[in-house]
Amino acid sequence: MSMEKILWEQVQLVRQKSPLVHNITNYVVMNNTANALLAAGASPIMAHAKSEIQEMIGISHSVIINIGTLDEYWSESMILAAKTAHSTGKPWVLDPVGAGATSFRDQVLNQLLPYQPTVIRGNASEIIALAKANTTATKGVDSTAQSNEAVDAARSLVTRYGTIVCISGETDIIIDHQQEIFIKNGHPLMTKVTGLGCSATALIGAFIGIAEDKVMAVAAAMVLIGIAGELAAEESKGPASLQVNLIDQLYTITEQEFFNRLKIERK
Amino acid sequence: MSMEKILWEQVQLVRQKSPLVHNITNYVVMNNTANALLAAGASPIMAHAKSEIQEMIGISHSVIINIGTLDEYWSESMILAAKTAHSTGKPWVLDPVGAGATSFRDQVLNQLLPYQPTVIRGNASEIIALAKANTTATKGVDSTAQSNEAVDAARSLVTRYGTIVCISGETDIIIDHQQEIFIKNGHPLMTKVTGLGCSATALIGAFIGIAEDKVMAVAAAMVLIGIAGELAAEESKGPASLQVNLIDQLYTITEQEFFNRLKIERK
Amino acid sequence: MSMEKILWEQVQLVRQKSPLVHNITNYVVMNNTANALLAAGASPIMAHAKSEIQEMIGISHSVIINIGTLDEYWSESMILAAKTAHSTGKPWVLDPVGAGATSFRDQVLNQLLPYQPTVIRGNASEIIALAKANTTATKGVDSTAQSNEAVDAARSLVTRYGTIVCISGETDIIIDHQQEIFIKNGHPLMTKVTGLGCSATALIGAFIGIAEDKVMAVAAAMVLIGIAGELAAEESKGPASLQVNLIDQLYTITEQEFFNRLKIERK
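Values in this document were obtained by computation on a predicted structure and should not be read as measured data. Once a new chain begins, its residue numbering starts again from 1 and follows that chain's sequence as written. By the order in which they are written, chains take letters starting at A while ligands take numbers starting at 1. Only residues with pLDDT of at least 70 get local features here, since the model is predicted, and only at 80 or more are side-chain atom pairs given and counted; chain-wide, interface and lining totals rely on the full set of residues. Calculation of side-chain values draws on the structure's entire complement of heavy atoms; hydrogens and water are dropped beforehand.

Once that is clear, we can look at the interface of chain C and chain B. Whether two residues touch is decided by their heavy atoms; if any such pair falls within 4.5 Å, the residues are in contact. The interface is formed by 29 residues belonging to chain C together with 31 residues belonging to chain B. A simple way to read buried area is as the amount of 1.4 Å-probe accessible surface that goes missing from two parts once joined, with both sides added. For the chain C and chain B pair, buried surface summed over both sides reaches about 2,400 Å², with 57% attributable to carbon and sulfur atoms. Criterion for a salt bridge: a side-chain nitrogen of Lys or Arg within 4 Å of a carboxyl oxygen of Asp or Glu. In this assembly, chain C and chain B are joined by two salt bridges. Ionic pairing is found between Glu235 of chain B and Lys237 of chain C, a salt bridge with its closest N-O pair at 3.0 Å.

So this is what it looks like as structure tokens:
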């Protein structure tokens, strides 16, 4: 099967199987993350209590850990969730929001990484900070570096933690120990909407929850949100209508639209 | 007065009297819950601190307790709120999100129920789990059962706690010790928007905050959101535009639209 | 330069310099606050952990403290943030949501005020409660008083804390020790959207983060959101589409639209 068909098959699988995705994510994006998951066909759970995390992971297909608005309690929940996912073989995605911005974030990330996230998705600055590959400063939660500058950092994370790394940006780059995939879908206006990176992370979680080929699952999720963003941008007057239209597009996108717009390359 | 007129009268009462509704609800839905209440004419408060809950309930017309993203602190707040509402005779609504999904949720729900919620609103799986009427598994927060399968569970809750139960689904069923009401308003696309059930719960809170006939108040709230959803679906391209249009419709809905679409039956 | 040109220059400065705004705000509005900041050209951070607040403030241009959904932990974070902003000379804005509604809120506000907020923005009821200028009751988080009734309270806060006070309402009134500015932009439908006051507060934070003339910065932020609201209302069917259109307008608003609609008066 061609890579194009494999990717679309993943989109259809999520719509058919409706994987249950357990999110420990940030307050800012919970609503549109849940809506993005629902629109793509998945079933979101948002739960963070230490008293129930292990049971919630038990009934879920995958776990998202996004440190956006972490605090001391939530970081303990996240570590417990990562540990549980790791020990029970449940796929999980780490979104290292604002890595490098404070020492607290870096300490928590260093406690999460040993539980070997199936996938790490971040912007270039975050991936660089996470790997401590160099000292590029993170400016808040937005990236000040380009995706290709983070490739060495990503490779280092792949080697150390056996993870797949997805560096998102104008070009998304997906790296594992065997290959690099470059995706050029998306639209610049998407950077003016809060939390679309977090939605991408959540979609990755939905896709890896049911796919056998995890790299193709990550690629399918990134292509899906990128194309949905392109289609949405064409009918939007600004960032808020883009957010609305993007979620609508996740729900309505067709095979034809997907194939017509797909811009992916594997090396 | 006909039941139809009584229901519309409730909608108008909320618009005129703007009841103050105190919400202890989940992070995912706080924004659209507040906007749904405002659009329907009510005045929302979101507050959860143990240090102020009793005072907040003192100035409110009703209280919503929604356990969606509960944790140990929030569960204590909720129990304090339920106790305060019960002892001061303030109407309150319980939304048992994800009942049955974890033992923590069930423990908290078992501590809340003795404070006799005026109304419980949940999907069929949640109502069944809440009554432990059988062992149907909850799949996350979405229902895997039909409304009618939960009727026995609902009757058991009515008997034990003197509450009104609203099972929401394709058909909404409202049950108290005297009657059963069936509502067939709404649209399937509403299940693809996160938290519309929570919005329904909040609207119930607004309506019972000022109405004498609590059962008619619950029915009016469910009809209102159902019809708003139908009107919204006709002008929406997907779930995100449905959410926007539904809140707009809560604000603009007319007597004529309400009467034309009302699908209610009492047994 | 005319006051009109000074105001527009502020709007352009935010778009060019993209100030980093650190928000400790409430759960209800985090998403649309972040989106309002992004649309206006600023860069939002939402973070509340005591373990990282000081570092976050270190990299930010300004700080927002909004007590909407405060609790015991968050109030400690807020006090630490206010203290840090004050001692490091970082401009900060206080949004005293629901001041006067509970004694807990008032206690926390009394601990925040000595750190001399650069700006306080609230509705008339909140400003009155904050100054304890009289005993007008706050009805939840919505104002029951008119802006002009709060002028004495505002003057008292200016004198005691060296702050700028912005009373928002049908007419926004900005007061410091030298002047009073009256702004009549905005639209009544804005009161039916949750958290537009909080968005105004956040925009004030963005503007004072880079402006030398803080009073003009506050005025520019209030005019901007007021005009964006007017333009949005003309194309909206209700409060939810107003929210979407308002954020789009923050992103697209032109010099011509700004000058055509500006309604400001200085005394």
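From this point, things continue past the structure.
The next thing to look at is the UniProt feature "binding site: substrate" (unreviewed entry) in chain A. UniProt positions are given in the numbering used here, feature names are shortened, and annotations may be inferred rather than shown by experiment. The UniProt entry lists Met46 and Gly195 of chain A under the feature "binding site: substrate" (unreviewed entry), expressed in the numbering used here. Accessibility here uses a 1.4 Å probe with only protein chains present; expressed as a share of the type maximum, an area under 20% marks a residue as buried, one over 50% as exposed, and anything in between as partly exposed. Met46 of chain A sits in the buried class, given a relative accessible area of 9%. For Met46 of chain A, the contacting residues outside a window of four places in its chain are Asn23, Thr25, Met30, Thr33 and Ala34 of chain A together with Val28, Gly68 and Thr69 of chain B. Along the polypeptide, Gly195 of chain A turns up in the loop between strand 8 (180–183) and helix 8 (196–208). Helical segments are the DSSP runs of H or I of at least four residues, strand segments are the runs of E of at least two, and each set is numbered from the N terminus.

Adjacent strands of a sheet pair through backbone hydrogen bonds, lying either parallel or antiparallel. Residues and elements named next belong to chain C. Overall, mixed pairing links the nine strands, which are arranged 2-1-3-4-5-6-7-8-9 in an open sheet. Each end of this open sheet is capped by a strand with a single partner; those strands are strand 2 (43–46) and strand 9 (264–266). In this sheet, adjacent strand axes meet at a mean angle of 20 degrees when their direction is disregarded. Across the sheet, helix 2 (residues 30–40) is in contact with strand 1 (20–24) and strand 2; its angle to strand 2 comes to roughly 155 degrees. Only the stretch in contact is used when a helix axis is fitted, and all axes are lines through C-alpha atoms; the angle between N-to-C directions ranges over 0 to 180 degrees. Strands strand 5 (119–123), strand 6 (164–168), strand 7 (172–175), strand 8 (180–183) and strand 9 of the sheet are contacted by helix 9 (residues 214–233), whose axis makes an angle of about 15 degrees with strand 6. Only strands joined by at least two bridges in the DSSP assignment are considered to pair.

A few words now on the relation of the copies chain C and chain B. Mapping chain C onto chain B calls for a rotation angle of 120 degrees and an axial translation of 0.0 Å; the resulting RMSD is 0.0 Å. Both copies are brought into coincidence by an operation consistent with a three-fold rotation axis. When C-alpha distances to the rotation axis are compared across chain C, the minimum falls at Tyr27 of chain C, with a value of 3.7 Å. Different-surface contact between copies: only 7% of interface residues of chain C are shared with the interface of chain B. Only residues with pLDDT of at least 70 in both copies count here: their C-alpha atoms drive the least-squares fit that superposes the copies.

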